[in-house]
Amino acid sequence: MAEDEYRILPAVKGRVQCLHEKKEPVENCGFCVHCREFGTGAGFVKSPSLAYCTKCRVTERVDLTKVTAVKCADHQGGGFHSITNIIS
């Protein structure tokens, strides 16, 4: 998926509108297979969920209290899908 094809979900009061009918806490995004990056005001940083991706291997921590947006790769409308279901 090209970078310009990501959905950018604004973070409001620590939550993102993941699906039309459901908001998720930003904390969940750090464990979601669809989450690619977190916007922090100073730009975007890779999601910790990519630590298990053999291509990315990201291990940076993200200060979730400063997140203003989330780049999401979910275009199928599946919503939050925990990375732990895949790695366990």
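Use the structure listed above.
Residues numbered from 1 in each chain as written. Predicted model: local features only at pLDDT ≥ 70, side-chain atom pairs only at ≥ 80, totals over all residues. Heavy atoms only, no water.

Colleague: Would you take a moment to explain the sheet that holds strand 3 (residues 22-25) for this structure?
Modeller: Strand-to-strand pairing in sheets goes through backbone hydrogen bonds, with the strands running parallel or antiparallel. Taken in spatial order, the six strands of this open sheet run 3-2-1-6-4-5, and their pairing is antiparallel. Only two strands of the sheet have a single partner each, and these edge strands are strand 3 and strand 5 (44-46). Averaged over all adjacent pairs, the angle separating strand axes in this sheet is 35°, with direction ignored. As judged from the four bridges shared by strand 1 (residues 7-12) and strand 6 (residues 69-72), these two strands associate in the antiparallel manner. For Arg7, the partnering residue across the bridge sits in strand 6 and is Cys72. (Pairing = 2+ DSSP bridges. Helix = DSSP H or I, 4+ residues; strand = E, 2+ residues; numbered from the N terminus. Axes fitted to C-alpha atoms, helices over the stretch in contact; angles between N-to-C directions.)

Colleague: Is there a simple way to explain the nonpolar core in this structure?
Modeller: Judged by nonpolar contacts, Leu9, Ala11, Val16, Val26, Cys29, Cys32, Cys35, Phe38, Val62, Val67, Val70 and Cys72 together constitute the single largest core of twelve residues. Of all the secondary structure elements, the ones that give two or more residues to this core are strand 1, helix 1 (26-29), strand 4 (35-39) and strand 6. Beyond its immediate sequence surroundings of up to four residues, Val67 is in contact with Ala11, Val26, Phe38, Gly39 and Val62. (Core = buried A, V, L, I, M, F, W, Y, C linked by side-chain atoms within 4.5 Å. Buried < 20%, exposed > 50% of the residue type's maximum accessible area, 1.4 Å probe, protein only. Contact = heavy atoms within 4.5 Å.)

Colleague: Would you explain unusual backbone geometry in this entry?
Modeller: One can expect most non-glycine residues to show negative phi and most peptide bonds to be in trans. The backbone of Lys13 sits at a positive phi, close to 55°, despite the residue not being glycine. Looking at the element boundaries, Lys13 is found in the loop between strand 1 and strand 2 (15-19).

Colleague: Looking at this structure, how should I read the packing of aromatic side chains?
Modeller: One pair of aromatic rings is described through two measures. These are the centre distance and the angle between the planes. The full count for this structure, using the stated rule, is zero aromatic pairs. Cation over ring: Lys71 sits above Phe44, and NZ or CZ is 4.5 Å from the ring centre. (Phe/Tyr/Trp six-rings, centres within 6.5 Å; stacked < 30°, edge-to-face > 60°. Lys NZ or Arg CZ within 6 Å of the ring centre and 35° of its normal.)

Colleague: Hey, could you run me through the environment of Lys13 in this one?
Modeller: For Lys13, a relative accessible area of 82% translates into the label exposed. Spatially, the C-alpha atoms of Lys13 and Val26 are 9.2 Å apart, while their sequence positions differ by 13 residues.

Colleague: Before we go on, may I ask you to explain empty space enclosed by the protein in this structure?
Modeller: Empty space left among the atoms is revealed by rolling a probe the size of a water molecule over them. Tallying each qualifying case throughout the model produces one cavity of 30 Å³ or more. Lining the largest cavity we find Leu9, Val16, Cys18, Glu24, Cys29, Cys32, His34, Cys35, Val70, Cys72 and Phe80. Elements that contribute at least two residues to the lining of the largest cavity include exactly strand 2 and strand 6. Looking at the lining of the largest cavity, its residues break down into nine nonpolar, one polar and one charged. (1 Å grid on protein atoms, 1.4 Å probe; cavity = no way out; pocket = protein on both sides within 12 Å on 5 of 7 lines; lining within 4 Å. Points joined across faces, edges and corners; volume = space filled by probe spheres on them. Nonpolar A, V, L, I, M, F, W, Y, C, P; charged D, E, K, R; others polar.)

Colleague: Is there a simple way to explain the pattern of salt bridges in this structure?
Modeller: Between side chains of opposite charge, a pair can form when the charged atoms approach closely. A complete count under the given rule lists four salt bridges for this structure. Among the salt bridges present, the one from Lys71 reaches Glu37, with a minimum N-O distance of 3.4 Å. One end of the pair, Lys71, is in strand 6; the other, Glu37, is in strand 4, and 34 residues separate them in sequence. For the residue pair Lys71 and Glu37, the accessibility class agrees, reading buried in each case. Residue Lys66 pairs with Asp63 through a salt bridge whose shortest N-O separation is 3.9 Å. Linked through salt bridges whose partners overlap, the residues forming this network are Glu37, Lys46 and Lys71. (Salt bridge = Lys/Arg side-chain N within 4 Å of Asp/Glu carboxyl O.)

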